[in-house]
Amino acid sequence: MTGAIFDIQRFSIHDGPGIRTTVFFKGCPLNCIWCHNPEGISRAPLLSFRPALCIGCGFCFRTCPAGCHRMEGGKHLFDRERCEACGRCAAECYPGALELVGREESAAEIMREVLRDKAFYDNSGGGLTLSGGEPLMQPDFAFELLCAARDAGLHCCVETCGFAARAALDLVRPKTDLFLFDIKETDRARHAELTGKPNDRILANLRHLHGTGADIILRLPIIPGVNDRPEHFKGIAALARDLPGLKGVEIMPYHQLGENKVGRFGLDQSRRAKASAPEPGVVEGWTGELRRRGVNVLTA
Ligand code: SF4
Ligand code: SF4
Ligand code: SF4
């Protein structure tokens, strides 16, 4: 079996305990207006085009079978509508202006890469993290990868948006040491507005998972002007009170990395949140507010 992934990031230190390798799965059922990995939302590969890196060599013009690239008035124009993401032009693009993002790999291939850093995991209490996109969109592949990692003695984390089939969650649960469970907005209608889906299924899955005794950290992406509302913090506190087995919550302050990617991948800008990264003092304010409400915040 193979799975669709778009990145393997070594030496991650923010995706669970210790030093880890994070595998980013392609495909996500949500479409958050602040998404930091928008190239992970579609299951299919996407061509990234960064005109600033183009040296005008013309190789892509000759290579593309669909005629997507042309030069007009000294400007490299790319017709994304016709692109079939075959990757031929990217293979010819020496300076890396074109890059095909998304590939199929087997669990064995991924594990070969992951196990290169086994000594670091052993020394730091780290391991493997599945992220994305949404890893539970490919449950059988996620399960295969987790089984292989467990067999190799690795600590395994799954980062999920929680919008998944219950069967997928139950499948990976016994092979997962820690779930990093995203809660993006506690108000149902606002959740739908911000992510494209209401939060009922997510909250039901969270309660179910908690009921199984799984280790869970809630991850809270907080976007200034979008969900940094007192009502949301109050909602988080109520949720945490209801789930006493939680390991705690982590605040994930907004950063603007996703913004540049929107242009690179030709994605829809119109829905995107107009936000800036918060100042450190602002993040401390959020942390303080949650702590005052009794929430165990693990990061400042
Ligand atoms: S759940 Fe994550 S990957 Fe999916 S759209 Fe939201 S931020 Fe992006
Ligand atoms: S192959 Fe790359 S560098 Fe050459 S014209 Fe195409 S985009 Fe530009
Ligand atoms: S990925 Fe394939 S179809 Fe798309 S522009 Fe490149 S060569 Fe053409």
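Note: the structure precedes this text.
Keep in mind that this is a model prediction, so the values were computed, not measured.

Draft legend 1. Inspection of the packing of aromatic side chains at higher detail. One pass over the full model with this rule turns up four aromatic pairs. Ring centres 5.7 Å apart and planes at 45° place the aromatic pair Phe-6 and Phe-24 in the tilted group. Here Phe-6, found in strand S1 (residues 2-12), pairs with Phe-24, found in strand S2 (residues 20-25); they are 18 residues apart in sequence, far enough to count as distant. Across this residue pair, the class does not change: Phe-6 and Phe-24 are buried. Measuring from centroid to centroid gives 5.1 Å for Phe-11 and Phe-120, while their planes differ by 80°, and the two rings are edge-to-face. Of this pair, Phe-11 sits in strand S1 while Phe-120 is found in helix H4 (residues 118-124), placing the two residues 109 residues apart along the sequence. Given the relative accessible area of 41%, Phe-11 is considered partly exposed. Taking the ring centre of Phe-163 as reference, the NZ or CZ of Lys-197 above it sits at 5.5 Å. Positioned above the aromatic ring of Phe-163 is the side chain of Arg-201, whose terminal nitrogen or guanidinium carbon lies 4.4 Å from the ring centre.

Draft legend 2. Fine view of the environment of Ile-222. Along the polypeptide, Ile-222 turns up in strand S11 (residues 216-222). On the basis of relative accessibility, which here comes to 0%, the residue Ile-222 falls in the buried class. Between the C-alpha atom of Ile-222 and that of Asp-177, which follows or precedes it by 45 residues, the distance is 25 Å. Setting aside residues up to four positions removed in sequence, Ile-222 forms contacts with Asn-227, Asp-228, His-232, Phe-233, Ile-251, Met-252, Pro-253, Tyr-254 and Trp-286.

Draft legend 3. The arrangement of the sheet that holds S1 in detail. The mixed open sheet is built from eight strands, whose spatial order is S7-S1-S2-S8-S9-S10-S11-S12. Of all the strands in the sheet, just strand S7 (103-106) and strand S12 (248-253) have a single pairing partner and so form its edges. On average, each strand axis in the sheet is tilted by 30° relative to the strand beside it, whichever way the strands run. Of the pairings in the sheet, the one linking S11 to S12 comprises six bridges and is parallel in character.

Draft legend 4. Spatial organisation of helix H7 (residues 188-195). Among all positions of H7, only His-191, Leu-194 and Thr-195 are buried. Buried residues of H7, seen end-on, are gathered within an arc of 80° and therefore sit on one face of the element. Counted as exposed and oriented over 90 degrees from the buried face of H7: Ala-189 and Glu-193. Of the surrounding secondary structure, the elements contacted by the buried residues of H7 are helix H8 (200-211). The N-terminus of H7 is capped by Asp-187, whose side-chain oxygen sits 3.2 Å from the backbone nitrogen of Ala-189.

Draft legend 5. Fine view of the state of the cysteines. In total, this model carries zero disulfides according to the counting rule given. We note that Cys-161 lacks a disulfide partner, and the nearest cysteine sulfur, in Cys-28, lies 4.7 Å from it. Owing to a relative accessible area of 6%, Cys-161 belongs among the buried residues under this scheme.

Draft legend 6. Here's a closer look at the pattern of salt bridges. Scanning all chains against the criterion turns up 23 salt bridges. For Glu-99, the salt bridge goes to Arg-264, with nearest N and O atoms at 3.5 Å. Of this pair, Glu-99 sits in strand S6 (residues 98-101) while Arg-264 sits in helix H10 (residues 257-264), placing them 165 residues apart in sequence. Here Asp-200 ties to Arg-188 by a salt bridge, and the two come within 2.8 Å at their closest N and O atoms. Of this pair, Asp-200 sits in helix H8 while Arg-188 sits in helix H7, and the two are twelve residues apart along the sequence. Classification of Asp-200 as partly exposed rests on a relative accessible area of 39%. Taking relative accessible area as the criterion, Arg-188 reaches 48% and is therefore assigned partly exposed. A network of salt bridges, in which partner residues are shared, links Asp-15, Glu-159, Arg-219 and Glu-250.

Quick notes on the rules
Residues numbered from 1 in each chain as written. Chains lettered and ligands numbered in written order. Predicted model: local features only at pLDDT ≥ 70, side-chain atom pairs only at ≥ 80, totals over all residues. Heavy atoms only, no water. Phe/Tyr/Trp six-rings, centres within 6.5 Å; stacked < 30°, edge-to-face > 60°. Helix = DSSP H or I, 4+ residues; strand = E, 2+ residues; numbered from the N terminus. Buried < 20%, exposed > 50% of the residue type's maximum accessible area, 1.4 Å probe, protein only. Lys NZ or Arg CZ within 6 Å of the ring centre and 35° of its normal. Contact = heavy atoms within 4.5 Å. Pairing = 2+ DSSP bridges. Axes fitted to C-alpha atoms, helices over the stretch in contact; angles between N-to-C directions. Arc of directions from axis to C-beta. Polar contact = N/O pair within 3.5 Å; in protein donor to acceptor, adjacent residues only side chain to side chain. Disulfide = S-S within 2.5 Å. Salt bridge = Lys/Arg side-chain N within 4 Å of Asp/Glu carboxyl O.

Purely geometric numbers; function is a separate question.
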